[in-house]
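The lines below spell out each chain.
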There are 2 protein chains.
Amino acid sequence: MKDKKYVYLFNEGNASMRDLLGGKGANLAEMINIGIPVPEGFTITTEACIKYYGENKTISEDIIEEIYSALGKIEKKTGREFGNKENPLLVSVRSGAKISMPGMMDTILNLGLNDETVKGLGRLAGNERFAYDSYGRFIQMFSTVVMGIEKKKFEDVLDNAENAELTVSDLKEIIVKFKKIYNDETGSNFPQNPERQLLQAIAAVFMSWYNPRAVIYRKSNGISDKWGTAVNVQSMVFGNMGETSGTGVAFTRNPATGEKSVFGEYLINAQGEDVVAGIGIPQPIINLKEDLPECYSQFMNIAHKLENHYRDMQDVEFTIERGKLYFLQTRSGRRTAQAALRIAVDMVEENLIGKEEAVLKVEPRQLDTLLHLNFDRDELKRADAIAKGLPASQGAACGRIYFTSEDAKKHHDHGEKVILVKTETLPEDIEGISASEGILTTKGGMTSRAAVTARAMGICCVTSCNNLIIDEKAGNFKVKDRLYRKGDYISLDGSTGNVYGKFMQTVLPEVSGYFSIFMGWTDDIKKMAVRANADTPGDVKKAVEFGAEGIGLCRTERMFFNEDRISYIREMIVFSTEEQKRRALYKLLPKQKEDFIKIYEAAGERSVTIRLLDSSLYEFLPADESSIKNLSDKMGVNFQKLKNTVRSFHEFNPMMGQRGCRLAISYPEIAEIQTKAIMEAAIDVKREKGYNIVPEIMVPLVGGVRELKYVKNIVVKTADEVIKASGIELGYKVGTMIEVPRAALTADKIAAEAEFFSFGTDDLTQMTFGFSRDDLSKSLSSYCDKKIYEFDPFQKIDRAGVGKLIDMAVKLGRETKADIGLGICGEQGRDPSSIEFFHDIGFDYISCLPVKIPVARLAAAQAQIKDPR
Amino acid sequence: MKDKKYVYLFNEGNASMRDLLGGKGANLAEMINIGIPVPEGFTITTEACIKYYGENKTISEDIIEEIYSALGKIEKKTGREFGNKENPLLVSVRSGAKISMPGMMDTILNLGLNDETVKGLGRLAGNERFAYDSYGRFIQMFSTVVMGIEKKKFEDVLDNAENAELTVSDLKEIIVKFKKIYNDETGSNFPQNPERQLLQAIAAVFMSWYNPRAVIYRKSNGISDKWGTAVNVQSMVFGNMGETSGTGVAFTRNPATGEKSVFGEYLINAQGEDVVAGIGIPQPIINLKEDLPECYSQFMNIAHKLENHYRDMQDVEFTIERGKLYFLQTRSGRRTAQAALRIAVDMVEENLIGKEEAVLKVEPRQLDTLLHLNFDRDELKRADAIAKGLPASQGAACGRIYFTSEDAKKHHDHGEKVILVKTETLPEDIEGISASEGILTTKGGMTSRAAVTARAMGICCVTSCNNLIIDEKAGNFKVKDRLYRKGDYISLDGSTGNVYGKFMQTVLPEVSGYFSIFMGWTDDIKKMAVRANADTPGDVKKAVEFGAEGIGLCRTERMFFNEDRISYIREMIVFSTEEQKRRALYKLLPKQKEDFIKIYEAAGERSVTIRLLDSSLYEFLPADESSIKNLSDKMGVNFQKLKNTVRSFHEFNPMMGQRGCRLAISYPEIAEIQTKAIMEAAIDVKREKGYNIVPEIMVPLVGGVRELKYVKNIVVKTADEVIKASGIELGYKVGTMIEVPRAALTADKIAAEAEFFSFGTDDLTQMTFGFSRDDLSKSLSSYCDKKIYEFDPFQKIDRAGVGKLIDMAVKLGRETKADIGLGICGEQGRDPSSIEFFHDIGFDYISCLPVKIPVARLAAAQAQIKDPR
């Protein structure tokens, strides 16, 4: 007796069996269970795939037996028979892993056809042409997918044929040629035995689990190689059986806008592949109401039913065979950020889902692009489009054009903004697409591969832009007699489909009503505060608009760099006595104070964490001889002496040089003047506006408690003097950055002097890896090519190393001070996966760029839902 | 009833009571216990000092009572009375902390004198002049030490007096003037009440515990501020009571050479301070045999007794009062490294101490200087001395002369080698002395302050060089009509007392018989191996001579920099294909192999750890335009292109740039060729010499296991090919540096691929502190001034931060691989305190510069004795 079942009829499974049946198989089973018309079939489990690899790539006898037995049942249900000359059963064979990997796995249709059954099919369909067409397609698909024969060989045969409607005898001739190719390439005849066809096809699906594209996709999506794929064998239905047949794909809501209306396309008398591949001009789904009204209404009902059942917008594939509607697949549909938001909000209002479920439905990263890209309105008004395509994925993009993914990636890696221009994209273009600001294709519709991929990635995309003539080899495209060459700028508007032949500025969009409702829910849910890194009043305003609950990092370097101020800081550097230095700095005081006043006013009562100066003094000094000469004239100091002074500030490794608290320790007067400006400004604003401001003063680059203590003493002394002199009560906090590994290692000591820790994960990552970010590029390409890094640790927190250090610092800090404030202000504060880590570790807040605030709020809310504090 | 005793008569204490009575007090008690003639007295405990500070700097009533009671007992024992006009008891008041802090605390002599008792003393001594001289000294000492009046004021009075022998009436006049100064400065009369004098003096000793010099000394010697000092009150005996009186200091063995013969000096008719301060010309102790033969023989017996009792060479102070010998103090004597070695070895041979005790008797740091300094013999033969002084502290020194400690320190901090030239050194010269290569004084003998301090610090010192005329103000000295100005070079020979008026090369001395006997014991004791950092066959030879058990770090950078090789590495960098690169590198193969052959031959069967290339490629490229032009001509490549290539290798933070394993990952051919050279050389040497060589190949700058694994794969593949091709069996190991914080944090993962960890504590310290060593100088001075760093973490391991990381890495590494090899090859491998840490943490070996090997061996042995594994 067998101990394991490897083959399940669709009606034996259900949605919860994803691991075993794969996503597609479980969904087909589920659909059948809820009464959706699905062609009969069965699923060979993922365990069978694992067994296949475990047994030296052989399908074991017992599994073959199960397959045949399932096949027998399908024959009974459909009343057709596999290999029967009169009434042949044809099947499709599709992969289906636990998680959908679109375009990554291979599909074979019309399996079961051979020289005999093709005739039966012709008779059954009353359409000999259709049967031979199907047979041709099958031979081609089987040859390329199962046997790995080059597709081009078959396409050449088709290209040589007349482009007009092929007759049956044309098709028969083509089939002869196809079979010859097969024979030439494999050394044997095209298999006539349907069972053999089936087993070979199943093995091919198993094999495709390890095809390079699939491996890369899994790697970049964190999917384990060990899962394996299931295989779905399903009886064929035909959308190419004439004018009452058709095939289509649809979303139950609009995947671009989120609007609640079914959105899709179909082609009459066509097979499914035609739609996805962008062959033929598809019709919008509404036209079906006229073409096949009964099918239309049935379709609409089922779409509604599926959405209710899955509690999410569905992406469905359907086929109509002679007026009978079949659903071939359903899955959660990919959507733009805008659509995701609207769908989430609408579904809550429709009482279909709750708020938490809604919040989990939107990918944080999607918001990111939603908030980034739009053209400047005025510029847009003045601009004339050179072409117009389909608005396949929203957003705006501007970049230099390249015609291959390799070029796009290469130039992107060199820091260019690029736009990938292709006739249509192929699955292997994934890397090129992700490197691009936007995608422009001349073929394909709204559901073409390019469109789907771009939407999933939140990349602007315009498809079907068919008045462009691309010469990929020459590296240019022509439109209206104008030539655009590789490297030229164009701009794409993903909301209108417009293409502009020039550089155009992209700007931030305003936020919509759906957005603010949705973000309100994230704020209700999340426990971790989201602050902004903002250095100017303008940034602070923007941050507040985006929902920042405070300013987690206000850098003060910029305040010194302004043209009207740098001369004072230069005086401070060049002068030698502390008294002179202090006098020079005091000239800066009113200006700095003004900056802080505006920042406090913009922040209202939100907390503001201000970091003391953290910059190498060398950066303030002129570098070339003539600028030094100018400065020496201006300051009335000896040129040579000044030059020596400048040189003395040069550092071999400025990243690890005299910055941060090291500056304040060498030049305490800097910390003094900064504190004075911070406190006086706070007092002024409190006096004028009544805001209860509690400045948080942050000491950077601390490596041990004594550094902090030294600077803190200056800060406290100065602050207390200012408060006393003002006669106004004002609280303030002094904390530190944790960005030097040693600070993390000795956080217990440091906590004794710090009211809060703000983790500077950028520098912490640099120092923990011993990797200068400025110099990273040369090594990083080798590191990625050679799979040494799975991700860029400056984008996503390195949990194994940097994360361990943070965890240690948090624990040590709390040992000393249980309620110590904990936050993060590095780049990773915008990254959803890192935000989850910061949530789990118990941070009070994260701080990121204003434009990333919504992403962070959403990620924080999701982290809370997944692992409630 | 009182619960605590704060005052102990000398005979109530013993040597074990150091904490309570201080070192001096405990020793005095111990001496009395073993029957040494010591003037009677008592000790006020360190607890009394703590109480004094705890009670707002007041000596409490109960302690005063105890003092008076002890005083009464002393009066009885000596038959003299405090304040008695006829038969006055005079006392000295001295500080005495748990650990001797020479010159740091203040002493008052002759206390008890006043306008009346001075007359009684005169009558008792039969010498009025002596009495008034003593009274004058007392007033001066009390005024300056207790009341803080400027010494110069008193010296001016003395300078104005005739320089000839002062008469009694001169002295009386001086006393009147001294008292006037006292009155002018304090507003009251000089205290006539001896009890009041005593209490004020005791309070002054307590106060001196916190004088700045004492605080700095404690800080730099790791002595806690909390210990407090005891006060010793001892009845005075007088060395200045005529020709049968005298005073002296002596060592029970020669502190410069270690020779077993009492070594000391005395002055007839003088007080103790005169000897130490270098006033008068002292006589060698042997002369006492003639002057006072009975005293001499008694002295020799007691010296022997003390040495046997304390099982160490003693440094004693003695006074002869009218033919009666008293010992005032004994303590372990400071000695040169050479003396320390000889004494340790001799004492074992005398069966006075065991080998472990002997090993603990030598300060590892002392060996360091012993091994550093000597002049080149040939140069020395040719050189003419410009002057000759006393050889006060061994060694050779060459440097620029400076005349103040400030100057010496300043120029030392700027990287100069300096020699401090002074009439005599003062206690406050400590910083200047420690900054100097050598000390030259015109006054003072072998036991002068300068001599003692220099020997303690292992710094070369020549004293009593009285034909030099120093003009400190003008910044020069004159000798034989030649003027040497500030900044000029001179050279000192501490073994002969010769002074040379020019730059002379210092070289390593050869090791003596005592040295090798002693080092043999360290090797018997220690468990941790000592290896050397050596990159050349010459270094390896030297390392082996110094007792290295292997080569812990053989850097390969230098092999590439040689004039005849750099062109190949440049080709490798400039060429673009891997094939070209490999071809260029292959030209280096025979040269590299030759290097390794010589290194293996020099190392014999000792293990050799070779580090793969760890250098920024930029360092191999020419930097200025003309060199680039030359290279472009030579290589036949376009100048501009080459210039761009060079520029592309420039890094902002080279320390954190593309070096170490990052190079091998970008240019695997480098690791390949290096491995080939390493393995082929090992096979050749094994074949030729039969040495069983097991090369240890070390991958630098690893931050995560994947980096190591990538490079290891190249190494293993190449090595195995070489072995296979040779037909000779050869083992080899692949390990990694742990020098990036992330490597330490993920050491469990890394250990899976590494056979050994070698901690690169230099880089680990840089990265953990986020401090570039190259740029440290600017911040470091502020950091030291402001007491933010207690020590330089690049010299001594930072246990709190870097040490914690190392500890973590060791534990994680062993979790994965219990027997993983553990070593260290950073600068701190030479530092005894760090070596103790590495021993405690369980390292298999430390590796340091060849010249530091003996220090490391000794430190490792001491660590083993203190905390046996």
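What you see is a predicted model, and the numbers here were worked out from it, not measured in a lab. (Residues numbered from 1 in each chain as written. Chains lettered and ligands numbered in written order. Predicted model: local features only at pLDDT ≥ 70, side-chain atom pairs only at ≥ 80, totals over all residues. Heavy atoms only, no water.)

Asks: Got a minute to help me understand the overall build of chain A in this structure?
Replies: The number of helices and strands found in chain A is 37 helices and 29 strands. When its C-alpha atoms are laid out on the principal axes, chain A stretches across 105 × 65 × 50 Å. Burial statistics for chain A: of 869 residues in total, 59% are counted as buried. Counted over contacts in chain A with a minimum sequence separation of 6, partners at least 24 positions apart contribute 69%. Entry remark: accessible area of chain A is about 34,700 Å², with carbon and sulfur atoms responsible for 48%. Each charge class in chain A can be summarised by its mean position, and for the 115 positive and 123 negative side chains these summaries are 2 Å apart. (Helix = DSSP H or I, 4+ residues; strand = E, 2+ residues; numbered from the N terminus. Buried < 20%, exposed > 50% of the residue type's maximum accessible area, 1.4 Å probe, protein only. Contact = heavy atoms within 4.5 Å. Areas by Shrake-Rupley, 256 points an atom, 1.4 Å probe, with all protein chains shown as cover. Lys, Arg positive; Asp, Glu negative; His and termini not counted. Charge placed at Lys NZ, Arg CZ, Asp CG, Glu CD.)

Asks: Teacher, can you tell me more about the relation of the copies chain A and chain B here?
Replies: Copy one and copy two of the chain differ by a rotation about a common axis and a shift along it. Laying chain A over chain B is done by rotating through 179° and shifting 0.2 Å along the axis; what remains is an RMSD of 0.4 Å. Interpreted geometrically, this transformation is the action of a two-fold axis. Of all interface residues in chain A, 100% are interface residues in chain B too; the two copies therefore contact each other through one and the same surface. (Least-squares fit on C-alpha atoms with pLDDT ≥ 70 in both.)

Asks: What exactly am I supposed to notice about the sheet that holds strand β3 (residues 91–97) of chain A here?
Replies: The strands making up a sheet are joined through hydrogen bonds of the backbone, oriented either antiparallel or parallel. All names here are of chain A. Strand order in the open sheet formed by five strands is β1-β2-β5-β3-β4, with antiparallel pairing between adjacent strands. Each of the sheet's edge strands pairs with one partner strand only, and the pair in question is β1 (7–9) and β4 (107–111). Geometrically, the sheet is characterised by an average inter-axis angle of 20° between neighbouring strands, direction not taken into account. Where β1 meets strand β2 (residues 41–44), three bridges bridge the pair, whose relative direction is antiparallel. Within β2, the position partnered with valine 7 by the bridge is isoleucine 44. Here helix α3 (residues 61–78) sits on the sheet in contact with β1, β2 and β5 (229–235), set at roughly 10° to β1. (Pairing = 2+ DSSP bridges. Axes fitted to C-alpha atoms, helices over the stretch in contact; angles between N-to-C directions.)

Asks: Can you help me understand unusual backbone geometry in this one?
Replies: Residues other than glycine predominantly adopt negative phi, and peptide bonds predominantly adopt the trans conformation. The phi angle at arginine 311 of chain A is positive, at roughly 55°, despite the residue not being glycine. Arginine 311 of chain A gets classed as partly exposed once you look at its relative accessible area, which sits at 34%. The residue arginine 322 of chain B is not glycine, and still its phi comes out positive at about 45°. A residue is classified by how much of its surface remains accessible, and arginine 322 of chain B, at 41% relative accessible area, is partly exposed.

Asks: When you look at the packing of helix α25 (residues 589–603) of chain A against helix α29 (residues 668–689) of chain A in this model, what are you seeing that I'm missing?
Replies: Working note: a packed helix pair is described by the angle between its axes plus the distance between those axes. Residues and elements named next belong to chain A. For the pair α25 and α29, interaxial distance at closest approach is 8 Å and the crossing angle is 45°. Classified by the interaxial angle, the pair formed by α25 and α29 is oblique. Crossing angle aside, the handedness with which α25 passes α29 is right-handed. Seen from α25, the contacting residues are Leu589, Gln592, Lys593, Phe596, Ile597, Tyr600 and Glu601; seen from α29, they are Ile673, Gln674, Lys676, Ala677, Ile678, Glu680, Ala681, Ala682, Asp684, Val685 and Lys689. Residue composition of the contact of α25 with α29, by class: 10 nonpolar, two polar and six charged. (Parallel < 35°, antiparallel > 145°, perpendicular 65-115°, else oblique. Left-handed = near helix turned anticlockwise from the far one by under 90°. Nonpolar A, V, L, I, M, F, W, Y, C, P; charged D, E, K, R; others polar.)

Asks: Can you help me understand the packing of aromatic side chains in this one?
Replies: Aromatic rings considered in pairs are described by the distance between their centres and by the relative angle of their planes. A complete count under the given rule lists 50 aromatic pairs over all chains for this structure. An angle of 80° between the planes, with centres 5.0 Å apart, marks the rings of phenylalanine 130 of chain A and phenylalanine 238 of chain A as edge-to-face. A residue pair is termed long-range when its members are at least 10 positions apart, and phenylalanine 130 of chain A in helix α5 (residues 128–146) and phenylalanine 238 of chain A in the loop between β5 and β6 (246–251) qualify at 108 residues. This pair shows no difference in class: phenylalanine 130 of chain A is buried, exactly as phenylalanine 238 of chain A is. Between phenylalanine 837 of chain B and phenylalanine 838 of chain B, the ring centres sit 5.7 Å apart and the planes meet at 65°, which makes this aromatic pair edge-to-face. (Phe/Tyr/Trp six-rings, centres within 6.5 Å; stacked < 30°, edge-to-face > 60°.)

Asks: Teacher, can you tell me more about the side chain of asparagine 254 of chain B here?
Replies: Residues and elements named next belong to chain B. Mapped onto the fold, asparagine 254 is located in the loop between β6 (246–251) and β7 (263–268). From its side chain, asparagine 254 meets the backbone nitrogen of threonine 257 in a polar contact 3.0 Å long. Contacts of asparagine 254, omitting those with residues within four sequence positions, involve Glu259, Ser261, Phe263, Ala339 and Ile343. (Polar contact = N/O pair within 3.5 Å; in protein donor to acceptor, adjacent residues only side chain to side chain.)

Asks: For this particular structure, what's the right way to read the sheet that holds strand β2 (residues 41–44) of chain B?
Replies: Residue and element names in this part refer to chain B. Strands sit in the order β1-β2-β5-β3-β4 across an open sheet of five strands; the sheet is antiparallel. Looking at strand neighbours, the two that pair on one side only are β1 (7–9) and β4 (107–111), the edges of this open sheet. Recorded for the sheet is a direction-independent mean angle of 20° between the axes of neighbouring strands.

Asks: Help me out: how do you make sense of the interface of chain A and chain B in this one?
Replies: Interface size is commonly expressed as the accessible area that is lost once the parts come together. Across the contact, 48 residues belong to chain A and 48 residues belong to chain B. Roughly 4,500 Å² of surface becomes buried between chain A and chain B when both sides are summed, with 54% attributable to carbon and sulfur atoms. Between chain A and chain B we count four salt bridges in total. The partner of arginine 706 of chain A in a salt bridge is glutamate 790 of chain B, and the shortest N-O contact between them spans 2.7 Å. (Buried area = accessible area lost by both parts, 1.4 Å probe. Salt bridge = Lys/Arg side-chain N within 4 Å of Asp/Glu carboxyl O.)

Asks: Explanation requested: helix α30 (residues 705–726) of chain B in the structure shown.
Replies: Counting along an α-helix, one turn takes 3.6 residues, and residues three or four places apart therefore face a common direction. All names here are of chain B. The end-to-end C-alpha distance of α30 is 31 Å, a good match for the 32 Å that 22 residues give at a rise of 1.5 Å each. Residues of α30 that are buried: Glu707, Leu708, Val711, Lys712, Ile714, Val715, Thr718, Ala719, Val722 and Ile723. The positive-phi residue at the C-terminal boundary of α30 is glycine 727, with phi of around 75°. (Expected span 1.5 Å × (residues − 1).)

Asks: Is there a simple way to explain the nonpolar core in this structure?
Replies: It is characteristic of soluble globular proteins that their nonpolar side chains tend to be buried jointly. Within the largest apolar cluster, 313 residues are counted, with the highest numbers of intra-cluster contacts made by Phe759 and Ile806 of chain A together with Phe759 and Ile806 of chain B. Listed in part, the 61 residues of the second largest apolar core include Tyr6, Leu71, Val118 and Tyr135 of chain A. (Core = buried A, V, L, I, M, F, W, Y, C linked by side-chain atoms within 4.5 Å.)

Asks: Please clarify how the pairing of β3 of chain A should be interpreted in this entry.
Replies: The two faces of the sheet receive side chains in turn, since in a regular strand these alternate between them. All names here are of chain A. Counted residue by residue, β3 has seven buried out of seven residues, so it is predominantly covered. The alternating pattern of β3 places Val91, Val93, Ser95 and Ala97 on one face and Ser92, Arg94 and Gly96 on the opposite face, and all of these are buried. Relative to β4, β3 runs antiparallel, the two sharing three bridges. Within the sheet, the bridge partner assigned to arginine 94 lies in β4 and is threonine 107.

Asks: Could you clarify how one ought to interpret the environment of proline 537 of chain A in this entry?
Replies: Residue and element names in this part refer to chain A. Mapped onto the elements of the fold, proline 537 is located in helix α21 (residues 537–545). Put simply, proline 537 and isoleucine 223 are 314 residues apart on the chain and 44 Å apart in space, counted from C-alpha to C-alpha. Ignoring sequence-local partners within four residues, the contact set of proline 537 consists of Asp595, Lys598, Ile599 and Ala602.

Asks: Which parts of the structure should I look at to understand the confidence of the model for chain A?
Replies: Parts of the prediction with low pLDDT should not have their coordinates interpreted in detail. Summarising the model, chain A shows a mean pLDDT of 89, and 96% of its residues fall at 70 or more. Both scores are given for the predicted complex: the pTM is 0.76, the ipTM 0.75. (pLDDT = per-residue confidence, 0-100.)

Asks: Could you clarify how one ought to interpret the side chain of serine 235 of chain B in this entry?
Replies: All names here are of chain B. Relative to the helices and strands, serine 235 is located in strand β5 (residues 229–235). Classification of serine 235 by relative accessible area gives buried; the value is 8%. In this structure, serine 235 is in contact with Pro39, Glu40, Ile74, Thr78, Leu89, Leu90 and Val91, ignoring residues within four places of it in sequence.

Asks: Is there a simple way to explain the pattern of salt bridges in this structure?
Replies: Note that side chains of opposite charge can pair when their charged atoms are close. One pass over the full model with this rule turns up 107 salt bridges over all chains. The residue glutamate 116 of chain B makes a salt bridge to lysine 119 of chain B at a minimum N-O spacing of 3.9 Å. Arginine 611 of chain B is the salt-bridge partner of aspartate 614 of chain B, the closest N and O atoms lying 3.8 Å from each other. With a relative accessible area of 10%, aspartate 614 of chain B lands in the buried category. Overlapping salt bridges bring together Glu557, Arg611, Asp614, Arg659 and Asp763 of chain A as one network.

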